[in-house]
Amino acid sequence: MKKIIIIGGKGTALVIAEQIVDAKERFGMEVEFIGFAFDDESFGDNINGYPILCKTTEVKERYADNDDIYFVYSLYRSDLIKERVDLLNSFEIPKEKFINFIHPTAFVAKSVTMGFGNIILANVVVNPNVKMGNYNTFNSSSLLGHDTKIGNNNFFAGHSCVGSNITINNGVFVGLNSSVRNFVVLNDFCLIGMSSNVVKDVQKEHIVIGNPARVIR
């Protein structure tokens, strides 16, 4: 049984927690969510009844040496991706301690390769020959086309649709219900706004919105 601590607590962190619990209770998956590492003291000692175990800065010292404990990183925000990537790196937790969690209702083709700390939630589809790095989050019902290459620390909101043969670098945020055309390149730390339709490359740190997506910053 792999025991999981989520670094984070709001929003997607709670969604991931509930899906880990669901994977165990409904499908018998050998995982157990044991609590959050979270810094917001206004929540008290629990979130939705799940315990807050420690501060984020304490999690390595307290838990990283436990062989049966693994971590999920869930502190991404669309407006603070670069800062939150730096925060993850500052913890200096070995990447091997971050679990790849795939909800049982997701489809991940057997030819997919991935690093560590990737989170694939309910009803996600990851098609053949996708290659991904570390710490990527795929929210429910997102789709990833075949032969797409993904770096690290990318976040895909629910119902986002990424076509085939796309290159997604690092720290990219793809918003709710947005779509990305085949063969497009999404460069580091760019942001795709909600319901946008991306039909050409997006440059580093650019924010695009609309149909077709246009640069607003």
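Residues numbered from 1 in each chain as written. Predicted model: local features only at pLDDT ≥ 70, side-chain atom pairs only at ≥ 80, totals over all residues. Heavy atoms only, no water.

Burial runs high along strand β2 (residues 31–37): five of the seven residues are buried. Examined bridge by bridge, strand β1 (residues 2–7) and β2 share six bridges and lie parallel to one another. Looking across to β2, one finds that Lys3 is bridged to Glu32. Remark: the β1/helix α1 (residues 12–27)/β2 crossover connection has right-handed handedness. (Buried < 20%, exposed > 50% of the residue type's maximum accessible area, 1.4 Å probe, protein only. Helix = DSSP H or I, 4+ residues; strand = E, 2+ residues; numbered from the N terminus. Pairing = 2+ DSSP bridges. Right-handed = clockwise from strand over helix to strand, strands pointing away.)

In this structure the tally under the stated criterion is eight aromatic pairs. Geometrically, the ring pair formed by Phe33 and Phe36 is edge-to-face, given 5.0 Å between the ring centres and 70° between the ring planes. With respect to class, Phe33 is no different from Phe36; both count as buried. Measuring from ring centre to ring centre gives 5.4 Å for Phe33 and Tyr50, while their planes differ by 75°; the resulting arrangement is edge-to-face. Of this pair, Phe33 sits in strand β2 while Tyr50 sits in strand β4 (residues 50–54), and the two are 17 residues apart along the sequence. The exposure class assigned to Phe33 is buried, which follows from its relative accessible area of 10%. Exposure remark for Tyr50: the relative accessible area of 18% places this residue in the buried category. Its end group placed over the ring of Tyr70, Lys2 keeps NZ or CZ at 5.2 Å from the ring centre. (Phe/Tyr/Trp six-rings, centres within 6.5 Å; stacked < 30°, edge-to-face > 60°. Lys NZ or Arg CZ within 6 Å of the ring centre and 35° of its normal.)

A word on the side chain of Asn139. Tracing the backbone shows Asn139 in the loop between β11 (137–138) and β12 (143–144). Those residues within four positions of Asn139 in sequence are excluded, and the remaining contacts are Thr12, Leu121, Val124, Phe155, Phe156, Ala157 and Gly158. (Contact = heavy atoms within 4.5 Å.)

Below, the discussion takes up the side chain of Asn118. Relative to the elements of secondary structure, Asn118 occurs in the loop between β7 (107–108) and β8 (119–120). Setting aside chain neighbours within four positions, we find Asn118 in contact with Ile99, Asn100, Phe101, Met132, Gly133, Asn134, Tyr135 and Asn136.

Its location among the elements puts Glu96 in the loop between α3 (81–90) and β6 (101–102). Glu96 sits in the partly exposed class, given a relative accessible area of 43%. Here the alpha-carbon distance between Glu96 and Cys161, two residues 65 residues apart in the chain, equals 29 Å. For Glu96, the contacting residues outside a window of four places in its chain are Tyr70 and Phe116.

Another aspect to go through is the pairing of β1. Sheet topology places β1 next to strand β5 (residues 69–73); five bridges connect them, and they run parallel. Bridge pairing in β5 links Ile5 to Phe71.

Glancing now at α1. Along its 16 residues, α1 runs 21 Å from first to last C-alpha, staying within 8% of the 22 Å computed at 1.5 Å per residue. Among all positions in α1, only Thr12, Ala13, Leu14, Ile16, Ala17, Gln19, Ile20, Val21 and Ala23 are buried. The positive-phi residue at the C-terminal boundary of α1 is Gly28, with phi of around 75°. (Expected span 1.5 Å × (residues − 1).)

Turning our eyes to something else, we now look at empty space enclosed by the protein. A complete count under the given rule lists one cavity of 30 Å³ or more for this structure. Taken together, Val124, Val125, Phe138, Ser142, Leu143, Leu144, Phe156, Ser160 and Val162 make up the full set of residues lining the largest cavity. Taken together, the residues of the lining of the largest cavity break down into seven nonpolar, two polar and no charged. (1 Å grid on protein atoms, 1.4 Å probe; cavity = no way out; pocket = protein on both sides within 12 Å on 5 of 7 lines; lining within 4 Å. Points joined across faces, edges and corners; volume = space filled by probe spheres on them. Nonpolar A, V, L, I, M, F, W, Y, C, P; charged D, E, K, R; others polar.)

Moving on, we come to α3. Looking only at α3, the buried set comprises Ile81, Arg84, Val85 and Leu88. Burial along α3 is one-sided: seen end-on, the buried residues are contained in an arc of 105°. The inward-facing, buried residues of α3 abut β5 and β17 (173–174). In the stretch just after α3, Glu92 is the one whose phi turns positive, near 55°. (Arc of directions from axis to C-beta.)

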